[in-house]
Amino acid sequence: MGDLREHPNAIGTAVEEFLRMESSNQLGNRRAATDAVLGDISIKAGSYLHICIGAANRDPGQFTDPDRLDIHRQPNRHLAFGTGIHACAGMSLARMEAQVAVSRLLQRFSRIEPSAAPVRGGRARFRGFISYPVRLGA
Ligand code: HEM
């Protein structure tokens, strides 16, 4: 993570990659307003759709080596905040909070390393950790 401290936009780029890899909202829902065709799938008007944001964000057709965390990945056209007119209304705040949190952690500690196995929340829609123990070095 050392080079995150050196390049002005590096933290913003890294945050986008964290959003892609660990999208906190893994599923979206839509109801088709009209008949539609998506790729080779026909969708009838009125159908309920479950949209797999997490899978889209690991799509090998869109992302090279999608299961690898690449904090320099650009472009990074992830869908962690959804898309269209109902895209996340709080995305700018969420991005800013993450950038501030990461930059303050890096300012405060020169070493941050895992100290025990992390525990995932285990929910299908919302992805995250119940605990992620780390050892911090000043
Ligand atoms: C990492 C943090 C966050 C993630 C990953 C996230 C993700 C999402 C996603 C995937 C949607 C659905 C978009 C769609 O249906 O196309 C959504 C909607 C929404 N989010 Fe967030 N969100 C986050 C933080 C926030 C925050 C901090 C706020 C408010 C301060 C917020 C407010 C909203 C609202 C109001 C909607 C509904 C928008 C609409 O239906 O028009 N979100 N978010």
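Above this note sits the structure.
Per-chain numbering applies: the sequence of each chain, read as written, is numbered from 1 onward. Given that this is a predicted model, residues contribute local features only at a pLDDT of at least 70 and side-chain atom pairs are listed and counted only at 80 or more, while totals for whole chains, interfaces and linings are drawn from all residues. Working from all heavy atoms in the structure, the side-chain values ignore hydrogens and water.

Caption draft 1: Quick peek at the environment of Pro-133. The helix count covers DSSP runs of H or I at least four residues long, the strand count covers runs of E at least two residues long, and both are numbered beginning at the N terminus. Mapped onto the fold, Pro-133 is located in the loop between β7 (129-131) and β8 (134-137). Exposure remark for Pro-133: the relative accessible area of 27% places this residue in the partly exposed category. Filtering out sequence-adjacent residues up to four positions away, Pro-133 remains in contact with Pro-114, Ser-115, Ala-116, Ala-117 and Pro-118. Accessibility here uses a 1.4 Å probe with only protein chains present; expressed as a share of the type maximum, an area under 20% marks a residue as buried, one over 50% as exposed, and anything in between as partly exposed. Should any heavy atoms of two residues lie within 4.5 Å, those residues are considered in contact.

Caption draft 2: Inspection of the coordination of the iron atom of the ligand at higher detail. Atoms of type N, O and S within 2.8 Å of a metal are treated as its donors, and for Na, K and Ca the window is 3.2 Å; water is not considered, so some sites may appear to be missing partners. In this structure, the iron atom of the ligand receives exactly one donor atom from the protein: Cys-88 (SG), at 2.2 Å. Along the chain, Cys-88 turns up in the loop between α2 (53-56) and α3 (91-108).

Caption draft 3: A look at the packing of aromatic side chains. Centre distance within 6.5 Å is the pairing criterion for rings of Phe, Tyr and Trp, where only the six-membered ring of Trp is used; planes under 30 degrees apart are then read as stacked, over 60 as edge-to-face, and the remainder as tilted. If you walk through the whole model with that rule in mind, you get one aromatic pair. For the pair Phe-129 and Tyr-132, a centre-to-centre distance of 5.0 Å together with 80° between the ring planes defines the contact as edge-to-face. What makes Phe-129 partly exposed here is its relative accessible area of 36%. Look at Tyr-132 and you get partly exposed, because its relative accessible area is 43%. When the ring centre of Phe-63 is taken as origin, the NZ or CZ atom of Arg-20, which lies over that ring, is 5.0 Å away. Whether a charge sits over a ring depends on NZ of Lys or CZ of Arg being within 6 Å of the ring centre and within 35 degrees of the ring normal.

Caption draft 4: Focus on the site of the ligand. For this purpose, a residue is taken to be near a molecule or strand whenever a single non-hydrogen atom of the residue falls within 4 Å of it. The immediate surroundings of the ligand are formed by 16 residues, with Ser-24, Arg-30, Thr-83, His-86 and Cys-88 found nearest. One of the side-chain nitrogen or oxygen atoms of Arg-30 is found 2.7 Å away from an oxygen atom of the ligand. Throughout this description, a polar contact denotes any pair of N or O atoms lying within 3.5 Å of each other; where both atoms belong to protein, one of them has to be capable of donating a hydrogen while the other can accept it, and for residues adjacent in sequence the pair is counted only when both atoms sit in side chains. In this structure, Thr-83 approaches the ligand through a main-chain N or O atom, which is 3.3 Å from an oxygen atom. Looking at the shell around the ligand residue by residue, the classes come out as nine nonpolar, six polar and one charged. Under this grouping Gly is polar, as are all residues other than the nonpolar Ala, Val, Leu, Ile, Met, Phe, Trp, Tyr, Cys and Pro and the charged Asp, Glu, Lys and Arg.

Caption draft 5: Layout of the side chain of Asn-57. Structurally, Asn-57 can be placed in the loop between α2 and α3. Judged by its relative accessible area of 0%, Asn-57 is buried. With residues near it in sequence (within four places) discarded, Asn-57 still touches Leu-19, Arg-20, Ser-23, Phe-63, His-78, Leu-79 and Ala-80.

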